[in-house]
Amino acid sequence: VQLQASGGGLVQAGGSLRLSCAASGRTFSSNVMGWFRQAPGKEREFVAGITWSGGITYYANSVKGRFTISRDNAKNMVYLQMNSLKPEDTAVYYCAADQRRWVVDSPDYDYWGQGTQVTVSS
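Undergrad: Got a sec to walk through the nonpolar core? Specific residues and values, please.
TA: Residues W35, L80, M82 and Y93 are the most contacted members of the largest nonpolar core, which totals 36 residues. Contributions of two or more residues to this core are made by β1 (2-6), β3 (17-24), β4 (32-38), β5 (45-51), β7 (67-72), β8 (77-82), β9 (91-98) and β11 (116-121). Sorting elements by how many residues they give to this core places β9 first, with five residues. Residue contacts for M82: discarding those within four places in its chain leaves G15, S16, L17, L19, R66, F67, Y93 and V118.

The following block contains the structure:
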C-alpha cells in the first residue's frame, strides 16, 4: 500500500485545513486508516482513525470536536478536516494504513505515507 498525504500549510489560529491521503496499491489489504502527527522534539501521536468498512471513527481527546476524519472508498481517499486550529496543532501529519483494525489508535501501522507540514500561527 502506498500512501500520499497532502493539504498541509500555514494557517492562523482558529482557521481550518483539510488534509488528504490517497491510497494506492494493495488497498484491499488495509482495513483501517489513521492520521498521526509529530511535533518537533515530541513523539508521534495518534490523531484520528477510521475503518474502511462501516466508517467507525476514533479521535484523540485533544482533537475531538475540532477534527473530523472521513473516507471515500470509491476513490481510496481519507481526509482529515481540521477546524479551530491551535498553535499546539503544529506538527508534521502522517497518514497510515493497516489490515488489523485493532491497531487503529496505536503507532503499529504497517504502512505510512510521507508527512505533510501543518503550521498554526498565533
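On we go.
Undergrad: I'd like a description of unusual backbone geometry, backed by residues and values.
TA: The phi dihedral of N76 is positive, around 55°, even though this residue is not glycine. Within the secondary structure, N76 is located in the loop between β7 and β8. The class of N76 is partly exposed, set by a relative accessible area of 24%.

Undergrad: Report on the sheet that holds β8, specifying residues and quantitative values.
TA: Read across the open sheet, the four strands follow the order β1-β3-β8-β7; overall the sheet is antiparallel. Across the chains shown, the open sheet's two edge strands, defined by having one partner strand only, are β1 and β7. Taken over all neighbouring pairs, the strand axes of this sheet differ in orientation by 15° on average, direction set aside. For β3 and β8, the ladder comprises six bridges, and the chain directions are antiparallel. Following the sheet pairing, R18 is matched in β8 by Q81.

Undergrad: Tell me about the state of the cysteines, and name the residues and values.
TA: Tallied over the full model, the rule gives one disulfide. Two residues share a disulfide in this structure: C21 and C95, whose sulfurs sit 2.2 Å from each other. The sign of the S-S torsion, about 65°, decides the handedness of the disulfide formed by C21 and C95: right-handed. On the criterion of sequence distance, the pair formed by C21 in strand β3 and C95 in strand β9 is long-range, its members being 74 residues apart. Neither C21 nor C95 differs from the other in exposure class; each is buried.

Calculation criteria
Residues numbered from 1 in each chain as written. Predicted model: local features only at pLDDT ≥ 70, side-chain atom pairs only at ≥ 80, totals over all residues. Heavy atoms only, no water. Core = buried A, V, L, I, M, F, W, Y, C linked by side-chain atoms within 4.5 Å. Buried < 20%, exposed > 50% of the residue type's maximum accessible area, 1.4 Å probe, protein only. Helix = DSSP H or I, 4+ residues; strand = E, 2+ residues; numbered from the N terminus. Contact = heavy atoms within 4.5 Å. Pairing = 2+ DSSP bridges. Axes fitted to C-alpha atoms, helices over the stretch in contact; angles between N-to-C directions. Disulfide = S-S within 2.5 Å.

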